[in-house]
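A closer look at the structure
One-letter residues, chain by chain:
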Amino acid sequence: MKLSNQYHELGKNFYHETFPAPVSEPELLLWNNPLACTLGINLSTEEDSELLGLYFSGNKLIEGSKPIAQAYSGHQFGHFNPQLGDGRAHLLGDITDEQGNTWDVQLKGSGTSHFSRSGDGRCALGPALREFVMSEAMFALGVPTTRCLAVVATGDAVYRERPYPGAVVTRIAASHIRVGTFQFFAVRKDIESLKQLTRFAIERHFPEINIASRSDDCATEGLLSGQNTLDFFAAVLDKQVTLVVSWLRVGFIHGVMNTDNTAISGETIDYGPCAMMNHYHRDTVFSSIDRNARYAFGNQSKIIQWNMARLADCLLPLVDEDEDIALAKITPLLQQFANDLQYRYFEMMVNKLGITELAEGDIELVNDLLAIMQEKQLDYTQHFVTLAENLSQAVVDSLIKNTAGSELSEQEQWLTRWYLRIADDVSAAKVLMNKTNPLVIPRNHHVERILAVSQQSGDLSALHDFLTVLQHPYDNLAQTKAYQDAPSDGDENYHTYCGT
Ligand code: AMP
Ligand code: MG
């Protein structure tokens, strides 16, 4: 295993060079072998558990590592902070897989940096395990996400309101470039670095954007043109549509969609206060610090638009020297983004109902169902599973035939409308529903119970059992049933915290 250092090559404006701080007793707790295999990392727990503990705690540097803490700014709950940056993370370098895709390898909880402010640079074991479980679940659900390669216990205490065992997580991401990374340079009016960052992001994520050939108005080959920047922005927007629509499909509430937690790659990043929705309600919030419900489930489409508008602010000087011209060019992309989000959201929602393509009347069909679900507090995951389970040609035929003239409840009326819509091919509808609606999600009460058991006993077998189920969210395994139940109290008193 050997790392390269593409981000390091951008130069010192982009980061501070800093080494992970050694830990007392590194012990490898979790190792993501499937992920290691896709990355071509041929280390295994049987032979190398001790070595893996050393590498993924930061006690021993992987060959080629040039550790850095990345600089970024960010809007946190709408308020701009010009100086955030990796306060407890070290980007060790990157690795390129067999398909030619490059991945960042980052340690989190690995000690302080120039950007730590008053933080201790550390991470507690509970949030580290939580990030591993949640990100693996999201990956298996088909949601774009950063992933965890390893969790290593440090043997050191981390002090929060009381001492907790500490851990280091290794995060793998297509990159760690955030909206806040662009903001860092924009607020400093450092246009050269902004251009460098944009070029880097294009080369890493959107190599189909041809910088050299599109630079019609640039004399020097390879200079970024205004059109390149617009193409880049459009490509980023497209990734965010897929991301947020995927969250809405599975009931994920990110909880802290600050611009520093919004990755350009369109991957879910920062699993601190995230949670899953139980019964459908668009205002669902679990994060204890989100007092105004800014990041509620049903607000996430609006917030991603706000975050992308902040990215647009940063890119304006790269689109055109004349700000009015730049604005006139970038604004239609944001309008298109709003339309795309809306369209792809409803397309996804009708897929959940077994309908392949949006047609007239479908938006009302979706909205009416959600209104019923919200009023009757129906579980977002279970309700779609039940609709699919109860679906058969015979049921559809009989309801359609027998309902003429009879008094129907609101739910029966909705069912009849839906049945009429899918009556042409009920079995195809069922196949699509089973692909779109997970049988199981990482429900908050199971996640918390299993993390508590794992930490108290030090025995991770319950966690591994849970992970096996979460890694097959569309398959009914023998153990799946044990994790499908909604919490008896609807998670009424459940609160999440920014996982430090
Ligand atoms: P987050 O809430 O995790 O998105 O982090 C926001 C900012 O706080 C980032 O700059 C983090 O690096 C920093 N931060 C969070 N926790 C710590 C910590 N324990 N020590 C130092 N910096 C931290
Ligand atoms: Mg963050």
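Keep in mind that what you see is a predicted model, and the values were worked out from it rather than measured.

Calculation criteria
Residues numbered from 1 in each chain as written. Chains lettered and ligands numbered in written order. Predicted model: local features only at pLDDT ≥ 70, side-chain atom pairs only at ≥ 80, totals over all residues. Heavy atoms only, no water. Donors = N, O, S within 2.8 Å, 3.2 Å for Na, K, Ca; no water. Buried < 20%, exposed > 50% of the residue type's maximum accessible area, 1.4 Å probe, protein only. Helix = DSSP H or I, 4+ residues; strand = E, 2+ residues; numbered from the N terminus. Pairing = 2+ DSSP bridges. Contact = heavy atoms within 4.5 Å. Near = heavy atom within 4 Å. Polar contact = N/O pair within 3.5 Å; in protein donor to acceptor, adjacent residues only side chain to side chain. Areas by Shrake-Rupley, 256 points an atom, 1.4 Å probe, with all protein chains shown as cover. Domains from an automatic or database assignment. Buried area = accessible area lost by both parts, 1.4 Å probe. Salt bridge = Lys/Arg side-chain N within 4 Å of Asp/Glu carboxyl O. Lys, Arg positive; Asp, Glu negative; His and termini not counted. Phe/Tyr/Trp six-rings, centres within 6.5 Å; stacked < 30°, edge-to-face > 60°.

Focus: the coordination of the magnesium ion (ligand 2)
By definition of the ideal shapes, four donors in a tetrahedron about a metal sit 109.5 degrees apart, and six donors in an octahedron sit 90 or 180 degrees apart. The magnesium ion (ligand 2) binds to the protein through N261 (OD1) and D270 (OD); the donor distances cover 2.1 to 2.2 Å. Under the relative-accessibility criterion, D270 is labelled partly exposed at 22%.

Here we look at the pairing of strand β6 (residues 89-96)
In terms of burial, β6 is largely enclosed, as 7 of its 8 residues are buried. Alignment of β6 against strand β7 (residues 102-108), held across 7 bridges, turns out to be antiparallel. Its bridge partner being in β7, T96 is matched across the sheet by T102. The hairpin turn running from β6 into β7, its antiparallel successor, is 5 residues long, and G100 in that turn takes a positive phi close to 90 degrees.

Thoughts on the environment of L311
Position of L311 among the secondary structure elements: in helix α8 (residues 300-319). Given the relative accessible area of 0%, L311 is considered buried. The spatial distance from the C-alpha of L311 to the C-alpha of A186 is 9.5 Å, given a sequence separation of 125 residues. With near-sequence residues (within four places) excluded, L311 lies in contact with V179, F182, F233, V236 and I264.

Remarks on the site of ligand 1
Around ligand 1 there are 19 residues in total, and G85, G87, R117, G121 and D270 lie nearest to it. Residue R117 places a side-chain N or O atom 3.0 Å away from an oxygen atom belonging to ligand 1. D120 places a side-chain nitrogen or oxygen 3.0 Å from a nitrogen atom of ligand 1. When ligand 1 sits alone it has 480 Å² of accessible area, and the protein chains cover 86% of it. Counting contributing residues per domain, the shell around ligand 1 is built from domain 1 (7-175) and domain 2 (177-443 + 485-500), each supplying no fewer than three.

Concerning the domain arrangement of the chain
According to the domain assignment, the chain consists of domain 1 (7-175), domain 2 (177-443 + 485-500) and domain 3 (444-483). Taken together, the 44 residues of domain 1 in the interface contact 53 residues of domain 2. Across the interface of domain 1 and domain 2, roughly 3,900 Å² is buried in total on both sides, 58% from carbon and sulfur atoms. Of all residues in domain 1, the largest losses of buried area upon contact with domain 2 belong to F77, L141 and S175, amounting jointly to 18% of the total for that side. Our enumeration of links across domain 1 and domain 2 arrives at 3 salt bridges. Residue R204 is joined to D94 by a salt bridge in which the shortest nitrogen-to-oxygen separation is 3.9 Å.

With respect to the side chain of R249
Mapped onto the elements of the fold, R249 is located in helix α7 (residues 226-250). In this structure R249 is buried but unpaired, with E347 as the nearest side chain of opposite charge at 11 Å. In this structure the side chain of R249 is engaged in a polar contact, spanning 3.2 Å, whose partner is the backbone oxygen of T436. A distance of 2.7 Å separates a polar atom in the side chain of R249 from a polar atom in the side chain of Y474.

Some points on the packing of aromatic side chains
Counted under the stated rule, the structure contains 20 aromatic pairs. Ring geometry for Y55 versus F56: centroids 6.3 Å apart, planes at 75 degrees, classification edge-to-face. Residues W418 and Y419 carry aromatic rings whose centres are separated by 5.4 Å and whose planes lie at 35 degrees to one another, so their mutual orientation is tilted. An identical accessibility class is assigned to W418 and Y419; each is buried. Members of the aromatic cluster, each reached through a chain of ring pairs, are Y7, F14, F184, F185 and F200.

A short note on the pattern of salt bridges
When the charged atoms of two side chains lie near each other, side chains of opposite charge can form a pair. Per the stated rule, a full pass over the model turns up 15 salt bridges. The closest approach of N and O atoms between D313 and R310, which form a salt bridge, is 2.9 Å. Here D313 pairs with R310, and both are found in helix α8, just 3 residues apart, close to one helical turn. For D313, a relative accessible area of 42% puts it in the partly exposed group. Where salt bridges share partners, they join D94, D104 and R204 into one cluster.

As for the pairing of strand β9 (residues 147-159)
As paired strands, strand β2 (residues 27-31) and β9 are joined by 4 bridges and run antiparallel to one another. When the bridges of β9 are listed, L28 appears paired with V152. Inspection of the sheet shows β9 paired to strand β10 (residues 163-173) by 9 bridges, in the antiparallel sense. When the bridges of β10 are listed, A153 appears paired with A167. The antiparallel hairpin formed by β9 and β10 contains 3 residues in its connecting segment.

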